[in-house]
Amino acid sequence: MGTYIFVLSIQPVFFFPAYQEKHLVLLRDGRTLIGFLRSIDQFANLVLHQTVERIHVGKKYGDIPRGIFVVRGENVVLLGEIDLEKESDTPLQQVSIEEILEEQRVEQQTKLEAEKLKVQALKDRGLSIPRADTLDEY
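All of the points below concern the structure found in this document. (Residues numbered from 1 in each chain as written. Predicted model: local features only at pLDDT ≥ 70, side-chain atom pairs only at ≥ 80, totals over all residues. Heavy atoms only, no water.)

### Notes on the nonpolar core
So, step 1. Counting nine residues, the largest nonpolar core is built from V25, L27, L33, L37, I40, L46, L48, F69 and V71.
So, step 2. Contributions of two or more residues to this core are made by β2 (22-27), β3 (32-40), β4 (46-57) and β5 (60-71).
So, step 3. Of the residues forming this core, the biggest block, three residues, is contributed by β3.
So, step 4. Ranked by size, the runner-up nonpolar core spans five residues in total, among them V57, I64, V95 and I100. (Core = buried A, V, L, I, M, F, W, Y, C linked by side-chain atoms within 4.5 Å. Buried < 20%, exposed > 50% of the residue type's maximum accessible area, 1.4 Å probe, protein only. Helix = DSSP H or I, 4+ residues; strand = E, 2+ residues; numbered from the N terminus.)

### A word on the pairing of β3
So, step 1. The buried fraction of β3 is high, at nine of nine residues.
So, step 2. Summarising the sheet, β2 and β3 pair through five bridges and their orientation is antiparallel. By the bridge assignment for β3, L26 is matched with T32.
So, step 3. Hairpin connection of β2 to β3: four residues between the antiparallel strands, including G30 at a positive phi of 95°.
So, step 4. Two strands pair when backbone bridges link them, and β3 and β4 are joined in this way by seven bridges, in the antiparallel orientation. (Pairing = 2+ DSSP bridges.)

Interpretation note: all reported values are geometric properties and have no functional meaning in isolation.
Here it is as structure tokens:
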């Protein structure tokens, strides 16, 4: 039994015959996906194959395998082709998934603590900043 991916569209979906081209996709939520672009439509809906989610922390990065990934076009911030020759010349160090997830957790915790200190300092001065979760994203 095979796997089926459906991309609903009014116009025909464009298929790319050049399956060897790796692409990087930056999403609106900040995630970075790398994979082989299999299709795209007029709304920038994407189908990526052999996709990995790349997490960067400082000078280190880790890749989490995600497989086939369907991305809704409104979430795409940037789409670009990766030069395979230059990809191997990166100054970043690849680490294991567990290590990069731990470093990401520590970095997020540090940012959260710094934000709490900033809010408290402003509060002590009689100022307030609206919380990010109460603001409309649009």
